[in-house]
Number of protein chains: 2
Amino acid sequence: MSVESVPAPLSRVGNSNDQARRHNLSTILTLLHHGGSQTRAGLTRATGLNRSTIAALVAELAELGLVYETQQTDPGTVGRPSPFVHLTDRMLAVAVNPDLDAVTIGLVGLGGRVHSRVRHETPAAPGVSETIDIVRREVDALRAGLDDDQRIVGVGLAVPGLVRTSDGVVTLAPHLLWNDEPLAEPVAAQVGIPALAANDAQLGLLAESLFGAGRGVDDIVYLNGSTSGIGGSVLVAGRTLQGARGYAGELGHTLVNSNGVTCFCGKTGCLETEVSVGRLLDVLGADPVDGDEFDRMLGETVDDAVRAEIDRQLDVLGTALGNFVAIFNPSSIILGGFLGSLFAANPTRLQDGIRRASFGTLGEQVTVERAQLRTRLLMVGAAELAFGPMLADPAGVLGP
Amino acid sequence: MSVESVPAPLSRVGNSNDQARRHNLSTILTLLHHGGSQTRAGLTRATGLNRSTIAALVAELAELGLVYETQQTDPGTVGRPSPFVHLTDRMLAVAVNPDLDAVTIGLVGLGGRVHSRVRHETPAAPGVSETIDIVRREVDALRAGLDDDQRIVGVGLAVPGLVRTSDGVVTLAPHLLWNDEPLAEPVAAQVGIPALAANDAQLGLLAESLFGAGRGVDDIVYLNGSTSGIGGSVLVAGRTLQGARGYAGELGHTLVNSNGVTCFCGKTGCLETEVSVGRLLDVLGADPVDGDEFDRMLGETVDDAVRAEIDRQLDVLGTALGNFVAIFNPSSIILGGFLGSLFAANPTRLQDGIRRASFGTLGEQVTVERAQLRTRLLMVGAAELAFGPMLADPAGVLGP
DNA sequence: GCTGATATGTTTTCGACAGCAACAATTCAC
DNA sequence: GTGAATTGTTGCTGTCGAAAACATATCAGC
């Protein structure tokens with residue numbers, strides 16, 4: 001678990017009495033969402049609340065249509081068997097990810113279950129209004145396919161760029177050519193459901209930390225490599241690093257080489273210019289391919305020039321990660337996209353590089369892992385965003 | 001205020017009923033400690049709690065000896081005058097800062113008031129047992145001078161090095177030559193009062209964020225320059241960045257120049273090798289001096305070589321801070337120690353450097369400031385550590 | 001100076017909720 | 001089949017904050 005922290009400078013505002021109820025409802029729903037089905041007795045132990053309290057809370061969640069109970073089939077222990085509490089499939093979130101050449105839209109349930117996923121290809125990078133249109137049409141189609149008791153509670157948008165989460169405005173998405181475009185608000189207006197937007201790397205980390213390689217870890221540095229660059233995000237004491245305006249985590253634009261080339265951002269020697277798919281494809285002499293194929297190409301290569309480039313990129317990546325280790329002291333580093341492939345091609349080289357580039361022995365205390373969720377990643381992350389308000393206050397959002 | 005955040009992955013454990021009371025007591029005490037005396041009506045507005053609730057909570061704090069009320073002397077507004085609530089001087093903390101050539105010990109009250117401060121010079125860097133001895137003797141002396149109703153509630157230790165805050169063990173303090181030395185526990189045993197230890201830069205940031213240049217700001221990058229190097233700490237969403245084991249914030253050991261010299265930490269081109277007092281003193285041709293004198297020397301110099309070195313260091317510092325801006329998106333950067341002098345010598349040069357080295361327009365949204373607390377800095381910071389448990393649960397610590 | 005408006009302290013009542021205790025139900029081990 | 005262990009169920013209790021009604025103190029306008 002995490003270290004006892006230095007006291008926070010500002011305390012939260014006073015707690016009213018019934019906020020305790022909301023908090024406890026939220027805690028139980030979140031526990032089920034992130035940890036899967038459990039017995040009521042298990043919830044009692046996990047929360048420290050009284051049996052009777054748990055019973056009342058679970059009953060309220062059941063009334064809200066969020067959970068149902070089943071009899072334990074194979075008890076195996078002494079004592080009265082405790083009923084299992086499961087999440088229903090009635091509350092759903094729509095996940096949206098506009099990208100260079102397509103808008104991907106998914107229907108996701110609690111517990112990270114991706115029910116469906118559709119990829120709308122676009123001839124060029126989709127514009128904002130085009131994206132909104134696609135979402136509206138797709139949500140209409142999804143609604144038509146729902147059971148009577150099912151309900152879409154929110155839309156989450158994972159955007160490759162700087163997003164002001166507070167009002168869902170995309171400040172800058174260079175690859176989509178979006179600039180100060182309101183997104184969440186018009187989507188909400190069009191589909192009649194609350195919508196929230198956030199940076200794709202932040203949501204990717206969130207998904208991995210809940211359902212992937214980062215389960216149960218509170219301090220994570222996450223880097224995701226795509227054809228359009230390197231996005232990053234950091235989990236600090238269990239919370240996503242946001243910064244003053246929600247723009248924190250531009251780890252791809254930190255210095256790794258004073259003698260490097262100029263980045264499109266105007267600086268020199270940025271991580272994402274030194275470590276890139278493009279450079280790897282160049283030495284491979286290949287065209288862009290999908291992730292699994294790229295994995296295979298890197299892993300099976302015997303070409304010395306390719307191996308040299310892989311090692312060079314791993315060394316640079318190690319330098320950058322060493323800096324991040326000195327800054328964040330994470331327990332875990334998670335690498336997604338082509339950075340995962342790069343790592344898999346020669347894990348010890350990267351680990352050694354990180355150790356060399358870290359301050360003192362910090363580099364030895366960190367584990368490096370590859371991201372696990374792959375295609376589900378952004379669907380689960382965006383859904384988490386959409387589910388956020390309901391998880392934080394189930395009765396408030398679903399009740400009256 | 002801060003941006004609405006992406007939902008946290010792990011929820012806290014269930015809330016019991018009387019935790020609300022503790023939380024509210026803590027909130028009010030913390031509000032007074034960090035914000036100064038206020039009227040009861042002001043507390044009502046600040047917390048959103050009911051008048052009657054505030055009355056009861058303030059009465060309890062008064063009974064614990066933490067606060068007292070006075071009649072408003074000059075009301076100036078309509079309505080029944082609300083009594084002022086002040087902190088008493090009865091609860092005190094001992095602040096300790098072992099450094100290269102001295103152990104500084106202070107007696108600090110709530111609200112950041114430094115009652116006394118003693119500097120015990122040592123012939124060489126003090127050892128752990130020497131430090132503990134000095135603290136024991138000094139606490140005995142301080143106790144003898146207290147009024148009957150006064151009480152020392154804790155000892156806070158600000159250590160220049162890596163500290164595991166959870167158990168107060170100093171993992172590594174290179175300049176003191178300490179290595180895996182238990183500190184907080186033996187101090188507590190010797191003086192019979194709870195003791196806590198933390199990194200000096202973390203506590204410096206804490207102090208500045210509460211009582212200095214960072215008041216009311218939730219996202220701060222703090223760098224402090226001393227003769228022994230550059231220490232850093234970061235305030236993330238109002239909380240000190242700790243990392244998995246409490247070692248986060250080694251900002252002095254991040255890469256700023258691939259062609260730089262080798263640092264004692266083994267890496268090349270670290271910020272603290274490129275930006276240092278030593279290099280400034282070299283071009284100044286001067287011996288080490290105190291802060292105010294150094295300020296004057298840098299500000300008044302007309303020597304081109306000195307100005308060139310100042311500008312070089314400011315440019316390097318700008319590069320580093322640009323990276324930190326991309327990573328943390330802070331609203332404020334605070335510079336202490338000789339970095340404050342350096343900044344004051346040519347503020348626009350550093351601001352321009354940061355803007356150039358930041359991603360997009362992020363560099364324009366950040367303010368750069370000099371630290372304010374000077375000699376009080378670590379006394380207030382260490383006291384905050386000592387007061388932490390009492391601020392978090394006044395009745396629990398002082399009551400039974 | 002009076003009067004009304006305004007703001008706030010004080011006291012009492014009330015409602016919500018978590019804890020607790022006693023009892024019932026269900027399983028396992030022998 | 002009996003006892004131990006575990007957990008659900010039910011009704012009661014204590015605590016705490018909110019709300020309402022009343023009391024108090026100041027200011028503004030006349």
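This structure is a prediction, so every number in the text was calculated from the model and none was measured.

## Description of the overall build of chain A
Thought 1: Counting secondary structure elements, chain A contains 14 helices and 16 strands.
Thought 2: Rg of the C-alpha trace for chain A: 23 Å, near the compact-globule value of 21 Å for 400 residues, within the 12% margin.
Thought 3: Principal-axis analysis of the C-alpha atoms places the extent of chain A at approximately 65 × 50 × 45 Å.
Thought 4: Burial statistics for chain A: of 400 residues in total, 56% are counted as buried.
Thought 5: Counting contacts in chain A only where the partners sit at least 6 residues apart, residues at least 24 apart contribute 62% of the total.
Thought 6: Counting 30 positive and 45 negative side-chain charges, chain A places the averaged centre of each group 6 Å from the other.

## Observations concerning the protein's contact with DNA strand C
Thought 1: DNA strand C sits among 29 residues. The nearest are Arg21(A), Ser52(A), Arg40(B), Arg80(B) and Ser82(B).
Thought 2: Close to the protein, within 4 Å, the atoms of DNA strand C are drawn from sugar and phosphate at a rate of 66%.
Thought 3: One nitrogen or oxygen atom from the side chain of Arg21(A) is found 2.8 Å from a phosphate oxygen belonging to DNA strand C.
Thought 4: Of all the secondary structure elements, the ones that give two or more residues to the surface near DNA strand C are α1 (18–35) and α3 (51–63) of chain A together with α2 (40–47) and α3 (51–63) of chain B.
Thought 5: Its residues assigned to classes, the surface near DNA strand C comprises eight nonpolar, 14 polar and seven charged.

## Things to note about the domain arrangement of chain A
Thought 1: Under the domain assignment used here, chain A contains domain 1 (18–87), domain 2 (91–203 + 377–398) and domain 3 (214–371).
Thought 2: The C-alpha centroid of domain 3 of chain A is placed 40 Å from the C-alpha centroid of domain 1 of chain A.

## Some points on the sheet that holds strand β6 (residues 114–121) of chain A
Residues and elements named next belong to chain A.
Thought 1: The strand order β6-β5-β4-β7-β11 describes an open sheet built from five strands, whose pairing is mixed. Edge positions in the sheet fall to β6 and β11 (195–199), since each of these pairs with one other strand and no more. Adjacent strand axes in the sheet meet at a mean angle of 20°, parallel and antiparallel pairs treated alike.
Thought 2: The pairing of strand β4 (residues 91–99) with strand β5 (residues 102–109) spans eight bridges and is antiparallel. Its bridge partner lying in β5, Pro98 is registered against Val103.

## A word on the interface of chain A and chain B
In many analyses, interface size is given as the accessible surface area lost on bringing the parts together.
Thought 1: Facing 76 residues of chain A, the contacting portion of chain B comprises 77 residues.
Thought 2: For the pair chain A and chain B, the two sides together bury roughly 6,700 Å², of which 62% comes from carbon and sulfur.
Thought 3: Taken together, the links from chain A to chain B amount to zero salt bridges.
Thought 4: Connecting chain A to chain B are 20 residue pairs in polar contact (both at pLDDT 80 or more).
Thought 5: Looking at which element gives the most residues to the side of chain A that touches chain B, the answer is helix α10 (residues 304–328) of chain A, with six residues.
Thought 6: Residue composition of the side of chain A that touches chain B, by class: 33 nonpolar, 33 polar and 10 charged.

## Describing the pattern of salt bridges
Residue and element names in this part refer to chain A.
Thought 1: One pass over the structure, following the stated rule, counts 38 salt bridges over all chains.
Thought 2: Of the charged contacts in the structure, one is a salt bridge between Asp149 and Arg90, with a shortest N-O distance of 3.9 Å. Note that Asp149 is positioned in the loop between α4 (128–144) and β7 (151–159) and Arg90 in the loop between β3 (84–87) and β4, a separation of 59 residues in sequence.
Thought 3: You can call Asp149 partly exposed: its relative accessible area is 40%.

## Re the protein's contact with DNA strand D
Thought 1: Near DNA strand D you find 27 residues, and of these Arg40(A), Arg51(A), Arg80(A), Ser82(A) and Arg80(B) are the closest.
Thought 2: Within 4 Å of the protein, the contacting atoms of DNA strand D are 65% sugar and phosphate, with bases supplying the remainder.
Thought 3: For DNA strand D, a phosphate oxygen lies 2.2 Å from a polar atom in the side chain of Ser82(A).
Thought 4: For DNA strand D, a base nitrogen lies 3.2 Å from a polar atom in the side chain of Ser52(B).
Thought 5: Of all the secondary-structure elements, those providing two or more residues to the surface near DNA strand D are α2 (40–47) and α3 of chain A together with α1 (18–35) and α3 of chain B.
Thought 6: Its residues assigned to classes, the surface near DNA strand D shows seven nonpolar, 13 polar and seven charged.

## A word on the relation of the copies chain A and chain B
Thought 1: With an RMSD of 0.1 Å, the fit of chain A onto chain B corresponds to turning through 180° and sliding 0.1 Å along the axis. What we have between these two chains is a two-fold relation. Considering only C-alpha atoms, the part of chain A nearest the rotation axis is Ser258(A), at 2.7 Å.
Thought 2: Taken as a fraction of all interface residues of chain A, those also at the interface in chain B reach 100%, which identifies the copy contact as same-surface.

## Section: helix α13 (residues 377–392) of chain A
Thought 1: Given a rise of 1.5 Å per residue, 16 residues ought to cover 22 Å, and the 22 Å separating the end C-alpha atoms of α13(A) matches this to within 8%.
Thought 2: The sharpest bend along α13(A) reaches about 45° and sits at Ala386(A), with the proline Pro389(A) one to four residues further on.

## Side note on the environment of Ala345(A)
Residues and elements named next belong to chain A.
Thought 1: Inspection of the secondary structure assignment puts Ala345 in helix α11 (residues 338–345).
Thought 2: Owing to a relative accessible area of 18%, Ala345 belongs among the buried residues under this scheme.
Thought 3: Those residues within four positions of Ala345 in sequence are excluded, and the remaining contacts are Leu298, Arg307 and Ile310.

## Overview of helix α6 (residues 200–211) of chain A
Residue and element names in this part refer to chain A.
Thought 1: The end-to-end C-alpha distance of α6 is 16 Å, a good match for the 16 Å that 12 residues give at a rise of 1.5 Å each.
Thought 2: In terms of burial, α6 is a largely internal element, 11 of the 12 residues being buried.
Thought 3: Every buried residue of α6 is listed here: Ala201, Gln202, Leu203, Gly204, Leu205, Leu206, Ala207, Glu208, Ser209, Leu210 and Phe211.
Thought 4: Looking at where α6 begins, the residue whose side-chain oxygen comes 2.9 Å from the main-chain nitrogen of Ala201 is Asn199.

## Describing the state of the cysteines
Thought 1: Here the structure, examined in full by the defined rule, presents zero disulfides over all chains.
Thought 2: There is no disulfide at Cys270(A), and the cysteine sulfur nearest it, in Cys265(A), is 3.8 Å away.
Thought 3: Between Cys263(B), a free cysteine, and Cys265(B), which holds the nearest cysteine sulfur, the sulfur-to-sulfur gap is 3.7 Å.
Thought 4: On the basis of relative accessible area, Cys263(B) is assigned to the buried category, the value being 4%.

Conventions and cut-offs
- Residues numbered from 1 in each chain as written.
- Chains lettered and ligands numbered in written order.
- Predicted model: local features only at pLDDT ≥ 70, side-chain atom pairs only at ≥ 80, totals over all residues.
- Heavy atoms only, no water.
- Helix = DSSP H or I, 4+ residues; strand = E, 2+ residues; numbered from the N terminus.
- Rg over C-alpha atoms; globule rule 2.2 N^0.38 Å.
- Buried < 20%, exposed > 50% of the residue type's maximum accessible area, 1.4 Å probe, protein only.
- Contact = heavy atoms within 4.5 Å.
- Lys, Arg positive; Asp, Glu negative; His and termini not counted.
- Charge placed at Lys NZ, Arg CZ, Asp CG, Glu CD.
- Near = heavy atom within 4 Å.
- Polar contact = N/O pair within 3.5 Å; in protein donor to acceptor, adjacent residues only side chain to side chain.
- Nonpolar A, V, L, I, M, F, W, Y, C, P; charged D, E, K, R; others polar.
- Domains from an automatic or database assignment.
- Pairing = 2+ DSSP bridges.
- Axes fitted to C-alpha atoms, helices over the stretch in contact; angles between N-to-C directions.
- Buried area = accessible area lost by both parts, 1.4 Å probe.
- Salt bridge = Lys/Arg side-chain N within 4 Å of Asp/Glu carboxyl O.
- Least-squares fit on C-alpha atoms with pLDDT ≥ 70 in both.
- Expected span 1.5 Å × (residues − 1).
- Bend = angle between axes of the 7 residues up to and from the residue.
- Disulfide = S-S within 2.5 Å.

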